[in-house]
Amino acid sequence: MIWVILVLSILLGVVIWLLFTPITLFIDTLESIYYIKVKGVCKISLNTAQEPISIDINLPIRKFTISSFERRKKYKKETQKGKKARKSFKAIYQFVNDLIKSFELVKMSLNVDTTDFARNAQLVPVFHFLSGKNRSFSINFDGHTYFQLILKNRLIRILRPAIAVAMK
């Protein structure tokens, strides 16, 4: 009996740990680094250095690479005629809105060159006004444009909107 309680408590601990483990979304167009990382569990990254583009999945025990993005033939499924359950547009909009709000912005950096000196000069005060604590918007005049975004979330905050939509 004690073994059952011990195994169930370990499983419950693992589930609670997964619910509160940080999930990081990282996008950097300057260095061409794109990944989603679940701390201590896995890291899924887009490898753009190779041709064709591949997806690398790093687990603590093994690394996988998926590089074939060939289109496969789609087979048509026979659909059942009848009433299908559909969520209203308002419910879907609310879910997406709550899902976006659940993410925490760690850092966002945008550096733009529009190749038009007059437009660049007009955007300098606007970008300065938009910049903040964890946001950086800037204009350059040397032809480079890059974007960097770091978002954090936890599975528990992602599940709240999903459960709210499922209950409706």
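Residues numbered from 1 in each chain as written. Predicted model: local features only at pLDDT ≥ 70, side-chain atom pairs only at ≥ 80, totals over all residues. Heavy atoms only, no water.

### Brief notes about the packing of helix 1 (residues 2-20) against helix 4 (residues 155-167)
- Two numbers describe how helix 1 lies on helix 4: the axes approach to 5 Å, and their chain directions differ by 85°. Regarding the angle of helix 1 to helix 4, the classification is roughly perpendicular. From helix 1, Leu18, Leu19 and Phe20 reach across to helix 4, where they touch Leu155, Ile156 and Leu159.
- For the contact of helix 1 with helix 4, the residue count by class is six nonpolar, no polar and no charged. (Axes fitted to C-alpha atoms, helices over the stretch in contact; angles between N-to-C directions. Helix = DSSP H or I, 4+ residues; strand = E, 2+ residues; numbered from the N terminus. Parallel < 35°, antiparallel > 145°, perpendicular 65-115°, else oblique. Contact = heavy atoms within 4.5 Å. Nonpolar A, V, L, I, M, F, W, Y, C, P; charged D, E, K, R; others polar.)

### Looking at the nonpolar core
- Formed by Met108, Val112, Phe127, Phe137, Ile139, Leu149 and Leu151, the largest nonpolar core amounts to seven residues.
- Elements with a minimum of two residues in this core: strand 6 (104-112), strand 7 (135-139) and strand 8 (146-154).
- Setting aside chain neighbours within four positions, we find Phe137 in contact with Met108, Leu110, Phe127, Leu130 and Ser131. (Core = buried A, V, L, I, M, F, W, Y, C linked by side-chain atoms within 4.5 Å. Buried < 20%, exposed > 50% of the residue type's maximum accessible area, 1.4 Å probe, protein only.)

### Structural notes on the packing of aromatic side chains
- One pass over the full model with this rule turns up three aromatic pairs.
- Aromatic pair Phe26 and Tyr35: ring centres 5.1 Å apart, planes at 15°, arrangement stacked. Tyr35 matches Phe26 in its accessibility class, with the two residues each being buried.
- With 5.8 Å between their ring centres and 55° between their planes, Phe127 and Phe137 make a pair best called tilted. (Phe/Tyr/Trp six-rings, centres within 6.5 Å; stacked < 30°, edge-to-face > 60°.)

In short, the description is geometric, and any link to function would need to be established separately.
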